[in-house]
Amino acid sequence: MKRQHRLYEWKDGKKLELGERSLVMGILNVTPDSFSDGGKWNSNTLAVSHATDMIKDGAHLIDVGAESTRPGHVALTPEEETKRLMQFLPDVLKVSMVPVSVDSYHYETMETALKAGAHIVNDIWGFQYDDGSMAKTAAAFDVPVILMHNQETKVYGKDMMDDLKHFFDKSIEIALSAGVRAENIILDPGIGFGKNAEQNMEILKRLDELTLAFPCPWLLGVSRKRFIGTILGTDADERDEGTAAVNLWGAEKGCSIYRVHDVKTTARELAVWDALRLFQGKGESYGSY
């Protein structure tokens, strides 16, 4: 399935090209309570080391989060989140050779992060958490935005895919009205957010209905999610093979970016997948893929 092409460039020289080849987003949680890796990277030394390792392993961008959004998480105030984030973000930005996104739904946190040099907005509420302030902040800095589907309950209408489409219609309208350029919009179906295991599976099964409906690149974030553990009967730290299977499914359905904990495995699996998908024969060296 053909993917949307985008080329993003920043004043600090960073570039990110979305197109036929799959991109890997490495997760850097600087939280004490994330479901999979809480507390592993919440010191400057550990955060910088892990970011560097993920880039060496093939990450095309790094996603930094200072608040856990796992089920049952304790929400932080914008002030608390900003304080925690800014203990790590400046040092990560100094060493990162790839763009850095910030995972937050607080515009106050995001404004501080963008002023510090962050490159991408990653909003798990798709610009629908506040009065439009997050969208206006993103527009003011003219950066790419990742808009994820989310909701408080797991109750949907007759066809949940229609509900997701309506959500994204609204998110895109908010973004455009605030001045976000259409080419800066990336969408995320929000697997594991406001959805049970069966609903996650339904969305993944019909994922191409979304990727074909919107002229935007798509990010898929399923890394170590609970529904994979339900299928395999494993804890969070033993779900990377299951994550790989879902990522390849997403590649077939048209997704462009894959947000993961295990960067090395993901980068390798997708590199081979892309080589097979793009290989034309005619004596070319497939190593160039």
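Residue numbers here run from 1 along each chain, matching the order of that chain's written sequence. Side-chain atom pairs in this predicted model are given and counted only at pLDDT of 80 or more, local residue features only at pLDDT of at least 70, and totals for whole chains, interfaces and linings cover all residues. As a convention, hydrogens and water are excluded, and side-chain values are obtained from all of the structure's heavy atoms.

Per an unreviewed UniProt entry, the recorded name for the protein is Dihydropteroate synthase, and the organism is Dialister succinatiphilus YIT 11850. UniProt positions are given in the numbering used here, feature names are shortened, and annotations may be inferred rather than shown by experiment. A UniProt comment under Cofactor (unreviewed entry) is attached to the protein, and it reads "Mg(2+)".

S.K.: Honestly, the packing of aromatic side chains in this entry has me stumped. Any pointers?
M.R.: Geometry of an aromatic ring pair is reported as the spacing of the ring centres plus the angle between the planes. The criterion for an aromatic pair is that two Phe, Tyr or Trp rings (for Trp, the six-membered ring) have centres within 6.5 Å, with stacked assigned to planes under 30 degrees apart, edge-to-face to planes over 60 apart and tilted to the rest. The full count for this structure, using the stated rule, is six aromatic pairs. The interplanar angle of 50 degrees and the centroid separation of 6.4 Å between the aromatic rings of Tyr 8 and Trp 10 together place this pair among those described as tilted. In this pair, the class of Tyr 8 matches that of Trp 10, namely buried. For the pair Tyr 105 and Tyr 129, a centre-to-centre distance of 4.6 Å together with 65 degrees between the ring planes defines the contact as edge-to-face. Here the residue Tyr 105 occupies a position in the loop between β5 (100-103) and α4 (107-116), and Tyr 129 occupies one in the loop between β6 (120-123) and α5 (133-141), the gap between them amounting to 24 residues. One aromatic cluster in this structure is built from Phe 167, Phe 168, Phe 214 and Trp 218. Only protein chains enter the area calculation, which uses a 1.4 Å probe; residues under 20% of their type maximum are buried, those over 50% are exposed, and those in between are partly exposed. Runs of E in the DSSP output that reach at least two residues are strands. Runs of H or I that reach at least four are helices, and both are numbered from the N terminus.

S.K.: Which parts of the structure should I look at to understand the packing of helix α2 (residues 78-85) against α4?
M.R.: Helix packing geometry: the angle between the two helix axes and the distance between the axes. Relative orientation of the contacting elements α2 and α4 amounts to 25 degrees, with a least axis distance of 8 Å. On the basis of their axis angle, the class for α2 and α4 is roughly parallel. Regarding α2 and α4, the two cross each other, and that crossing is right-handed. Contacts between α2 and α4 pair Pro 78, Glu 81, Thr 82 and Leu 85 from the former with Glu 108, Thr 109, Thr 112 and Ala 113 from the latter. When its residues are assigned to classes, the contact of α2 with α4 shows three nonpolar, three polar and two charged. Axis lines are fitted through C-alpha atoms, for helices just across the contact stretch, and the angle between N-to-C directions can take any value from 0 to 180 degrees. The scheme is simple: roughly parallel for angles under 35 degrees, roughly antiparallel for over 145, roughly perpendicular for 65 to 115, oblique for anything else. Should the near helix be turned anticlockwise from the far one by less than a right angle, the crossing is termed left-handed; should it be turned clockwise, right-handed. Any two residues whose heavy atoms approach within 4.5 Å at even a single point are treated as in contact. All amino acids are sorted into three groups, where Ala, Val, Leu, Ile, Met, Phe, Trp, Tyr, Cys and Pro are nonpolar, Asp, Glu, Lys and Arg are charged, and the leftover types, Gly among them, are polar.

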